[in-house]
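# Reading the structure
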Amino acid sequence: MKRILTTLAGLAAAGTMLAQTAPAARHKAEMDRFVDSLLGRMTLEEKIGQLNLPGAGDITTGQAKSGDIAGAIGRGEVGGLFNIKGVEKIREVQRIAVEESRLGIPLIFGMDVIHGYETAFPIPLALTATWNPAAVERAARIAAVEASASGICWTFSPMVDIARDPRWGRVSEGVGEDPCLGSAMARAMVYGYQGRDNTRYADDEIMACVKHYALYGASEAGRDYNTVDMSRQRMYNEYFAPYRAAVDAGVGSVMASFNEVEGIPATANRWLMTDVLRDQWGFDGFVVTDYTGTSEMIAHGIGDLQEVSARALAAGVDMDMVSEGFLKTLAASVEAGKVSEADIDRACRRILEAKYKLGLFADPYKYCDPKRAATEVYTEAHRAEARRTAAESFVLLRNEGGLLPLKKTAKIAVVGPLARSRENMPGTWSVATDLKKPLTLVEGLERVAGSEAEIVWAKGSNVCYDPELERNATLFGRDIPRDGRSDREMIDEALRIAADADVVVAALGEPSEMSGESSSRADIGIPDAQQALLRELAATGKPVVLVLFAGRPMTLGWEAENIPAILCVWFGGTEAAEAIADVLYGDANPSGKLPSSFPRSVGQIPLYYNHKNTGRPVSGERFEKYRSNYLDVPNTPLYPFGFGLSYTTFEYGLLTLSSDRMAAGGTITASVDVTNTGDREGAEVVQLYIRDLVGSTTRPVQELKGFEKITLRAGETKRVSFTIDEPMLRFYNHALEFVSEAGEFDVMVGGSSDRVQHARFTLR
């Protein structure tokens, strides 16, 4: 056993030393020789074992728990584990793999590091609201440093599913409604986790896993795991882009989605997993199923465990998470001729290559340094970055009369069930975070305001009237103890403290687990009990600031008309409380912009800015008979994509184009001067949209094609320029050819999708 381990370690070390001096081609050749040698020593059963990814049971997700992990590892039946936390624990499990299994092949250790590790950053939807890829890359970089210091070398992130139905709870984990913005965030997160050299990983870099491939965000009725059905043209033009961006950035792995695509579950869909992902996009990493994704295809109705496992492997899936369908059936399928050993070799090779690139063959304990775990996790520097990023993610939706920012000397009545719940601050899918560490909102306000502050609190209401709904919305340690007093007693207490305050801060909205996986909602407004509280607070005549906790776009029609200041704070991570206080008191100027449209009514869903025009478009917001509109509400959102206010104001000069004609292969430049016309420094996101006015197929009324976030001092002017080239004008036509077409284009630049200037040019 020791001789085999020594041989493997020697080969890996030699490959590593050569890789440091040789070009990428030589590095790949060394890896190929190493993997070929190892595959030649493996039995069929050991190859299949590399394709098996059970859960460790340390942090349980989904519906299954793992069993005899140690024995299975010793028998060579496990390729990796996920959601096991702690260097010592991981080191011991790795020791079993490298010392007690026949070939000593190390395990890969994954975790749901979705928006930070112990230092939790804002939820991904909020990170996207920064419109700042550099900040998002820094967040992923810090997550990688902390996770890698804790034994983790693989994260199931980024989640880049385009989603246009906010009833779907996993909107919170994604990148919003737009492919251009989503692609920028996908690249940023992959680079943050992995770095830019995907042939080898440094000690503080981890492998990313883009998910959920594909189209998961388009599930019917906003129900999780539900059916998806759309044209291929729409897939390519609207939904595929962020996955492709992650692949182009070198992402090491891809996770298959739960939903079906064109009648075939994604996990068994060869067109998705091989034809598109590998043959068209050139992906060379490995594909893993989602949690029990293989066995769930039985319920989809396409076969028993042996059949669906064989179909998944044939489609191009390499690793089976939790189902153990590969482990239990592939050998029999080889014997029966359902799959070939060559298919298994191909999948096994991809897993071994990932481990080689991670450096696990050279040093199986590479990610198990207890000194790093003690000094590089939840550091002051990491927390400071998380606090800055959280403040940048908040979106100021309303600020009538300049109510915000607040004075630190003001007496503030903080009201609401989310005001003193520290466990809800990090947001959903913060599985490695110590939920006792974040401050509550009340504590954050007190700490930022200092000794001058007078802050009082009343709960005001429960999360909602229905106790069962409240239990379902506060799972996984996010409990908000239900108050036994009557609804009237709680509201009266809130009204008493409001009467004696200068301003009311209403901390209302969704608990963190009211969004996320399996947290779809049919009603996406503020829950009923909190809504009743807010109405009574507004009736007092006191100025009210709504601090909206949300994991999705919400319906805020009444609030937008009756509450003078609304700050959407999403779920801002472990440092959210002080970040919220920073913005409320004006120490930070809000600059977030919406990555998804906020509907007026749930009946408008799906609602998104880059829609098609129809043959009978409506001309305004009033109802027009025999036009594509509603009797009772306008077509437009309450708050549009790209919208967000600041404590200062920005004025746009005249939009100019360097030419009104673009030759094939040429470029033109769109330029605009932006001036800070307020009295304080602020940041503005300048957004570029283009419309192809005439196409061989119908084209959207707007498409985001670029953006730049600029910071301006009071009175300062900057010129922002965007280069428009021919590839920016391409789309997938009816034949799925990626083309641009000669004709007229409308260029739009502004501070949100509905506030733009126009200019036109012709592509010849």
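Residues numbered from 1 in each chain as written. Predicted model: local features only at pLDDT ≥ 70, side-chain atom pairs only at ≥ 80, totals over all residues. Heavy atoms only, no water.

Let's shift gears to empty space enclosed by the protein. Where empty space is left becomes clear once a probe the size of a water molecule has been rolled over the atoms. Here the structure, examined in full by the defined rule, presents seven cavities of 30 Å³ or more. Counted as a void, the largest cavity has a volume near 60 Å³. Per-class residue counts for the lining of the largest cavity are seven nonpolar, two polar and three charged. (1 Å grid on protein atoms, 1.4 Å probe; cavity = no way out; pocket = protein on both sides within 12 Å on 5 of 7 lines; lining within 4 Å. Points joined across faces, edges and corners; volume = space filled by probe spheres on them. Nonpolar A, V, L, I, M, F, W, Y, C, P; charged D, E, K, R; others polar.)

What follows is about the state of the cysteines. Here the structure, examined in full by the defined rule, presents zero disulfides. The structure places no disulfide on Cys-153, whose sulfur is separated from the nearest cysteine sulfur, that of Cys-368, by 8.6 Å. On the basis of relative accessibility, which here comes to 1%, the residue Cys-153 falls in the buried class. (Disulfide = S-S within 2.5 Å. Buried < 20%, exposed > 50% of the residue type's maximum accessible area, 1.4 Å probe, protein only.)

Below, the discussion takes up unusual backbone geometry. Cis geometry marks the peptide bond from Tyr-213 to Ala-214; its omega dihedral reads 10°. As for its placement among the helices and strands, Ala-214 is situated in the loop between β5 (209-213) and α9 (232-239). With an omega dihedral of 0°, the bond running from Ile-605 to Pro-606 counts as a cis peptide bond. Examined against the element boundaries, Pro-606 turns out to sit in the loop between α23 (576-584) and β17 (650-652). Look at Asn-83: it is not a glycine, yet its phi comes out positive at around 60°. Summarising the element assignment, Asn-83 is placed in the loop between β2 (80-82) and α5 (87-100). Positive phi values are uncommon outside glycine, yet Ala-221 reaches one of about 65°. Overall, Ala-221 belongs to the partly exposed group, its relative accessible area being 42%. (Helix = DSSP H or I, 4+ residues; strand = E, 2+ residues; numbered from the N terminus.)

Before going further, it helps to spend a moment on a negative patch on the surface. Together, Asp-466, Glu-468, Asp-487, Asp-523 and Asp-528 give the surface a local cluster of negative charge. By secondary structure assignment, the location of Asp-487 is in helix α20 (residues 487-499). (Patch = residues over 30% accessible without salt bridge, like charges linked within 9 Å, V, L, I, M, F, W, Y side chains within 5 Å. Areas by Shrake-Rupley, 256 points an atom, 1.4 Å probe, with all protein chains shown as cover. Salt bridge = Lys/Arg side-chain N within 4 Å of Asp/Glu carboxyl O. Lys, Arg positive; Asp, Glu negative; His and termini not counted. Charge placed at Lys NZ, Arg CZ, Asp CG, Glu CD.)

Another point: the packing of helix α13 (residues 305-315) against helix α14 (residues 325-336). With their axes 9 Å apart at the nearest point, α13 and α14 run at an angle of 90° to one another. Here α13 is positioned roughly perpendicular relative to α14, judged by the angle of their axes. Note on element contacts: α14 touches α13 through Gly-325, Phe-326, Thr-329, Leu-330, Ala-332 and Ser-333, opposite Leu-305, Gln-306, Ser-309, Ala-310, Ala-312 and Leu-313. Here the contact of α13 with α14 is composed, by residue class, of seven nonpolar, five polar and no charged. (Axes fitted to C-alpha atoms, helices over the stretch in contact; angles between N-to-C directions. Parallel < 35°, antiparallel > 145°, perpendicular 65-115°, else oblique. Contact = heavy atoms within 4.5 Å.)

Evaluated as defined, the whole model comprises 27 aromatic pairs. Both rings, one in Trp-154 and one in Phe-156, keep their centres 4.8 Å apart while their planes meet at 70°; by these two values the pair is edge-to-face. The same class applies to Trp-154 and to Phe-156, which are both buried. Through successive ring pairs, a cluster of aromatic residues spans Tyr-213, Tyr-236, Phe-240, Tyr-243, Trp-271, Trp-281, Tyr-732 and Phe-738. Over the ring of Phe-731 we find Arg-699; its NZ or CZ atom is 4.0 Å from the centre of that ring. (Phe/Tyr/Trp six-rings, centres within 6.5 Å; stacked < 30°, edge-to-face > 60°. Lys NZ or Arg CZ within 6 Å of the ring centre and 35° of its normal.)

Our next topic: the pattern of salt bridges. Per the counting criterion, the structure on display carries 57 salt bridges. Measuring nitrogen to oxygen at the nearest pair gives 3.4 Å for the salt bridge that ties Glu-454 to Lys-411. Of this pair, Glu-454 sits in strand β13 (residues 454-458) while Lys-411 is found in strand β12 (residues 411-415), placing the two residues 43 residues apart along the sequence. The class of Glu-454 is partly exposed, set by a relative accessible area of 41%. Looking at Lys-411, the relative accessible area reads 14%, which means it is buried. Across the salt bridge formed by Asp-500 and Lys-411, the nearest N and O atoms sit 2.5 Å from each other. Taken as a pair, Asp-500 in the loop between α20 and β14 (503-509) and Lys-411 in strand β12 lie far apart in primary sequence, 89 residues in all.

Within a sheet, neighbouring strands are paired by backbone hydrogen bonds and run either parallel or antiparallel to one another. One open sheet holds the five strands; their spatial order is β19-β27-β26-β21-β22, and the pairing between them is mixed. The open sheet has two edge strands, β19 (661-662) and β22 (703-712), and neither has a second partner. In terms of strand pairing, strand β26 (residues 743-752) meets strand β27 (residues 755-763) through nine bridges, oriented antiparallel. Along β27, the bridge assignment pairs Asp-746 with Arg-760. (Pairing = 2+ DSSP bridges.)

The topology assignment puts Glu-703 in strand β22. Its relative accessible area of 16% is what places Glu-703 among the buried residues. Among residues more than four places away in sequence, those in contact with Glu-703 are Tyr-609, Leu-688, Tyr-689 and Ile-690.

Across the sheet, three strands lie side by side as β5-β6-β9; this open sheet has parallel pairing. Across the chains shown, the open sheet's two edge strands, defined by having one partner strand only, are β5 and β9 (286-288). Ignoring strand direction, the axes of neighbouring strands in this sheet form an average angle of 25°. For strand β6 (residues 253-256) and β9, the ladder comprises three bridges, and the chain directions are parallel. Residue Met-255 lies in a different strand from β9, and its bridge partner there is Val-288.

Worth remembering: the numbers are spatial, not functional.
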